[in-house]
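Here are the chains, one letter per residue:
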Amino acid sequence: MLYHFLYPLHEYFTFFNVFRYITFRTIYAILTALIVSFVMGPWIIQKLKAFQIQQIVRDDVPSRHLSKNGTPTMGGGIILAALFLPTLLWVDLTNRYIWIVLLTTLGFGGLGFLDDYRKIKEKNGLGIRARYKFPVQVAMGLASSFILFHLMDHNSRLVFPFFKRVMPDLGNWYILFGMLVIVGTANAVNLTDGLDGLAIGPVLITSATFMLFCYLAGHFRFASYLQIPFVRGSGELTILCGALVGAGLGFLWFNTYPAQVFMGDVGSLALGASLGTIALVTKQEFLLVITGGIFVIEALSVILQVISYKLRKKRVFRMAPLHHHFELKGWAEPKIIVRFWIIGIILGLIAISTLKLR
Ligand code: 57M
């Protein structure tokens, strides 16, 4: 919004020319998101407690989780407020990619809200049945992917980090692939969100990585030099990624161990869908696999565990997702969290290195 009101003033005062620069607006989107988090966080947590919107910990978790019963949940509202307000304040509101990412985020966040609400209402921690939740995710993912496919002039080529010449063309199948990216990322973040700060840490790292890639992909000269797809208009998503970084840092202030609040499915599904859609816009879906590797590892641990148990009646891990396995091995919760963050940072650096290793 500020871009539309203040940038035109540069004709009278040269200072306002600064509002043209994506870098300037991204920095202030980060700072605005932090301020929104710190101002709204305590108030939202207080309201969640007042309305008894509190986590019901299932009885089959590692025993140390039972002490978490009653922790306020649905704190994803803090994240969404700190993402939407700065984005709408600092971006060019005519940018269509901004709206496709925000609306996809809102759709998955809304589904997560209904799931969280049902868990609390039914007091059993189960929520909406997968057979109802999953088709809704697929439908929303297909809708977003279909719109993006047309917004990007049917660009259905796949881009692989490290292999610049390998660019298979999926044709219309790209719409299905795009849905899988959005739904898969949303559920992988959801599975990862099982320890204090465990999900928001890698979300932060992934958002920071994509903040760089959105800026480069939206800049013709940089994209050409680095041999990454040039996506006209994707540069504005740098600002949205900045708001994601600020919102993630702000939420981590309250979600760090011992957590004052959990994000709930309203937060985890929204964040995953947001990252998946951003990856589609920048044509960097496989970069998401690298920088979001913690989410991939957690989801794979569940897939392996379920397949092994169904086929062999034996578990691969003591419990899946992987963070529970380390809990049952006796690792302290903060140790698991910080070590997962360290791996996330390493993966983020490897993802950035792919810019030169092509
Ligand atoms: C998402 N939700 C946390 C919180 C958070 C198929 C199966 C693998 C599904 C999976 C599952 O139920 N996943 C749901 C994980 C829950 O966190 C809530 O959910 C929101 C995110 N969606 O925001 O509101 C619990 O996680 C803990 N937590 C924290 N700090 C945080 O900041 O400590 C969350 C956030 C919270 C709290 O205790 O209650 C969760 O774990 O449910 N199921 C599982 O993950 C289960 N694994 C399992 O069944 N493994 C089996 C097979 C089927 C794979 C096996 O290994 O044999 C584990 N989760 C639970 N119980 N709750 C273990 C059993």
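Below, the structure is looked at part by part. Per-chain numbering applies: the sequence of each chain, read as written, is numbered from 1 onward. Reporting of local features is limited, given that this is a predicted model, to residues whose pLDDT is at least 70; pairs of side-chain atoms are given and counted only at 80 or more, and all residues count toward the totals for whole chains, interfaces and linings. With hydrogens and water set aside, each side-chain value is computed from the structure's full complement of heavy atoms.

1. Describing the overall build of the protein
The secondary structure listing takes helices from DSSP runs of H or I that are at least 4 residues long and strands from runs of E that are at least 2 residues long, numbered from the N terminus. The secondary structure content of the protein amounts to 14 helices and zero strands. Sequence-ordered secondary structure for the protein, helices as α and strands as β, is α-α-α-α-α-α-α-α-α-α-α-α-α-α. Whereas a compact globule of 358 residues would reach a radius of gyration of roughly 21 Å, the protein reaches 20 Å, a difference of no more than 12%. Dimensions of the protein, computed from C-alpha atoms along their principal axes, come out at roughly 65 × 45 × 35 Å. Counting across all 358 residues of the protein, residues that qualify as buried make up 53%. In this description, contact between two residues means that some pair of their heavy atoms is separated by no more than 4.5 Å. Contacts in the protein between residues far apart in sequence, at least 24 positions, make up 74% of those at least 6 positions apart. As displayed, the protein has an accessible area near 16600 Å², and 68% of this comes from carbon and sulfur atoms. When charges are tallied, Lys and Arg are placed among the positive residues and Asp and Glu among the negative ones, while His and the ends of the chain are skipped. We put the charge of a Lys on NZ, of an Arg on CZ, of an Asp on CG and of a Glu on CD. Treating the 32 positive side-chain charges of the protein as one cloud and the 17 negative ones as another, the clouds have centres 6 Å apart. For this measure, only C-alpha atoms enter the radius of gyration; the expected value for a globule follows 2.2 Å times N^0.38, where N is the number of residues. For every residue, the accessible area (1.4 Å probe, protein chains only) is compared with the maximum for its type, and the residue is labelled buried under 20%, exposed over 50%, or partly exposed between those bounds. All accessible areas in this document rest on Shrake-Rupley with a 1.4 Å probe, and a residue is counted as covered only by the protein chains that are shown.

2. Structural notes on the side chain of Thr206
Positionally, Thr206 belongs in helix α7 (residues 200–217). Contacts described as polar in this section are N or O atom pairs within 3.5 Å, which, within protein, must combine one atom able to donate a hydrogen with one able to accept it, while residues neighboring in sequence count only if both atoms come from side chains. At 2.7 Å, the side chain of Thr206 forms a polar contact with the backbone oxygen of Pro202. There is a polar contact of 3.4 Å between the side chain of Thr206 and the backbone oxygen of Thr291. Apart from the residues within four sequence positions on either side, Thr206 is in contact with Leu275, Leu288, Thr291, Gly292 and Phe295.

3. Notes on the site of the ligand
Whether a residue is near a molecule or strand depends on its heavy atoms: it is near if one of them lies within 4 Å of it. In the vicinity of the ligand there are 29 residues, among which Gln55, Asn190, Asp193, Gly264 and Asp265 approach most closely. Contact between the ligand and Gly194: a nitrogen atom at 3.3 Å from a main-chain N or O atom of the residue. A distance of 3.0 Å is found between an oxygen atom of the ligand and a side-chain nitrogen or oxygen belonging to Asn255. With the chains in place, 84% of the 1000 Å² that the ligand exposes on its own is no longer accessible. At the level of secondary structure, the elements contributing two or more residues to the shell around the ligand comprise α6 (173–192), α10 (264–281) and α12 (293–312). Three classes are used, and their members are as follows: Ala, Val, Leu, Ile, Met, Phe, Trp, Tyr, Cys and Pro are nonpolar, Asp, Glu, Lys and Arg are charged, and the others, Gly among them, are polar. Residue composition of the shell around the ligand, grouped by class: eleven nonpolar, eleven polar and seven charged.

4. Brief notes about unusual backbone geometry
At the junction of Tyr257 and Pro258, the peptide bond is cis and its omega measures out at -10 degrees in the coordinates. A positive phi angle, close to 60 degrees, is found at His154, a residue other than glycine. In this structure, His154 sits in the loop between α5 (130–151) and α6.

5. A few points about the pattern of salt bridges
One side chain can pair with another of opposite charge once the charged atoms of both are near each other. In the sections that follow, a salt bridge refers to a side-chain nitrogen of Lys or Arg positioned within 4 Å of a carboxyl oxygen of Asp or Glu. Within the structure shown, the criterion is met by nine salt bridges. The residue Lys68 makes a salt bridge to Asp196 at a minimum N-O spacing of 2.8 Å. Pair noted here: Lys68 is in the loop between α2 (22–50) and α3 (76–90) and Asp196 is in the loop between α6 and α7, with a separation of 128 residues, a long-range link. Judged by its relative accessible area of 10%, Lys68 falls in the buried class. Using a relative accessible area of 4% as the deciding quantity, one classes Asp196 as buried. Beyond isolated ion pairs, a larger network of salt bridges with shared partners links Asp115, Lys119, Lys133 and Asp265.

6. Describing the packing of aromatic side chains
Stacked, edge-to-face and tilted are the three classes for Phe, Tyr and Trp ring pairs, Trp counted by its six-membered ring, which pair at centre distances within 6.5 Å; planes under 30 degrees apart are stacked, over 60 edge-to-face, the rest tilted. If you walk through the whole model with that rule in mind, you get 20 aromatic pairs. Counting every residue linked through ring pairs, the aromatic cluster contains Phe13, Phe15, Phe16, Phe19, Phe24, Tyr28 and Trp90. Each ring is checked for a lysine NZ or an arginine CZ that lies within 6 Å of its centre and within 35 degrees of its normal; such an atom marks a charge sitting over the ring. Its guanidinium or amino end placed over the ring of Tyr309, Arg315 lies 4.6 Å from that ring's centre, counting from NZ or CZ.

7. Observations regarding the nonpolar core
Residues enter a nonpolar core if they are buried and are Ala, Val, Leu, Ile, Met, Phe, Trp, Tyr or Cys, with the set joined through side-chain atoms within 4.5 Å. Membership of the largest hydrophobic core comes to 90 residues, with the highest contact counts inside it found for Tyr97, Leu148, Ile200, Phe210, Leu237, Leu240 and Ile278. Per-element accounting of this core gives the leading share, eleven residues, to helix α9 (residues 237–255). Beyond its immediate chain neighbours, meaning those up to four positions away, Ile200 contacts Ile79, Gly248, Phe251, Leu252, Asn255, Met263 and Leu271. Listed in part, the nine residues of the second largest apolar core include Leu195, Ile294, Ile336 and Phe340.

8. Description of the environment of Leu249
Inspection of the secondary structure puts Leu249 in helix α9. Remark: the alpha-carbon pair of Leu249 and Ala33, spanning 216 residues in sequence, is separated by 8.8 Å. If we ignore the near neighbours within four places in the chain, the residues touching Leu249 are Leu34 and Leu204.

9. Things to note about α10
Helix span, expected: 1.5 Å multiplied by one less than the number of residues in the helix. Under the 1.5 Å per step criterion, the end-to-end length of α10 is 26 Å for 18 residues, consistent within 8% with the ideal 26 Å. When you tally the buried positions in α10, you get 18 out of 18 residues, the bulk of the element. Two residues or fewer past α10, Lys283 is found with a positive phi of approximately 60 degrees.

10. Topic: the environment of Trp99
Within the element layout of this structure, Trp99 appears in helix α4 (residues 96–122). Take Trp99: its relative accessible area is 35%, and that puts it in the partly exposed class. Leave out the neighbours within four places in its chain, and Trp99 touches Leu88 and Leu93. Within the structure, the side chain of Trp99 is placed 2.7 Å from the backbone oxygen of Leu93, a separation counted as a polar contact.

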